[in-house]
Amino acid sequence: DEPLSNLDAALRVATRIEIAQLKEAMPDRTMVYVTHDQVEAMTMGDRVAVLKDGILQQVDTPQNLYDHPANVFVAGFIGSPAMNIVSAHVEEGGARLGGALVPVEQDTLGIARSRGLSEVTFGFRPEDVRITSSDEGFGMTIDVVEVTGADAYCYGTVETAHGTQNVIARADGRTPPRRGDTIHLTIAGGHAHVFDPSTGVRIGN
């Protein structure tokens, strides 16, 4: 139960590796590991159970939790930095974000329309975007840039169905955008996530 919670950062990593090695050395044993650190859960778990207020939200492999979160809570909890969660109007062919139409799978749009939804909760991960030309992507105005070496994390705002909302985008740390710039982003195919705005439950695959 949270065995690494009181360790410093370097010791947490070293001990996490030791526990993982111990688990691999005993393949016929089941280990139940409780943590609030999603990095520990993702790197050490074969199957991860995500709970909120004592209620089970999703049980799956770490990769499926990351790629197919069951609801908004799981989407925001798994991944660092967290998934961007914004509001978007549904239109023919996609969702309206930052003045542009972002493509969404037709099956997902069909489910949203069948529920009478004109607006959805829209998610995308900072690492699933790329900077592109103004005629291709949606606009993001940058407020802060954090360069971590190979990567730069751009914190800024996008125009959404509920006005301006905060988002994060990962960029090349060697040629990062600057504070005050407006960049345009596209989302990698198949990496847009759509949720029901009233229930928070995932729509589509």
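That block above? That's the structure.
Below is a summary of the structure that appears in this document.

1. What about the side chain of Thr 108?
Part 1: One can find Thr 108 in helix α5 (residues 106-114).
Part 2: For Thr 108, a relative accessible area of 7% translates into the label buried.
Part 3: What Thr 108 contacts, discounting residues up to four positions off in sequence, is Val 194, Ile 203, Gly 204 and Asn 205.

2. Remarks on the sheet that holds strand β6 (residues 119-124)
Part 1: As summarised here, the arrangement of the five strands in space is β5-β4-β3-β6-β12, forming an open sheet in which the pairing is antiparallel. Looking along the sheet, the strands with just one partner apiece sit at the ends: β5 (100-103) and β12 (193-195). For this sheet, the mean inter-axis angle between neighbouring strands, taken without regard to orientation, is 45°.
Part 2: Bridging between strand β4 (residues 94-97) and β5 involves four bridges; their strand directions are antiparallel. What sits directly across from Leu 97, in β5, is Ala 100.

3. A closer look at the environment of Ala 100
Part 1: Residue placement: Ala 100 occurs in strand β5.
Part 2: Note: C-alpha distance between Ala 100 and Pro 197 (97 residues apart in sequence) is 20 Å.
Part 3: Those residues within four positions of Ala 100 in sequence are excluded, and the remaining contacts are Ala 95, Gly 137 and Phe 138.

Reading guide: rules and limits
Residues numbered from 1 in each chain as written. Predicted model: local features only at pLDDT ≥ 70, side-chain atom pairs only at ≥ 80, totals over all residues. Heavy atoms only, no water. Helix = DSSP H or I, 4+ residues; strand = E, 2+ residues; numbered from the N terminus. Buried < 20%, exposed > 50% of the residue type's maximum accessible area, 1.4 Å probe, protein only. Contact = heavy atoms within 4.5 Å. Pairing = 2+ DSSP bridges. Axes fitted to C-alpha atoms, helices over the stretch in contact; angles between N-to-C directions.

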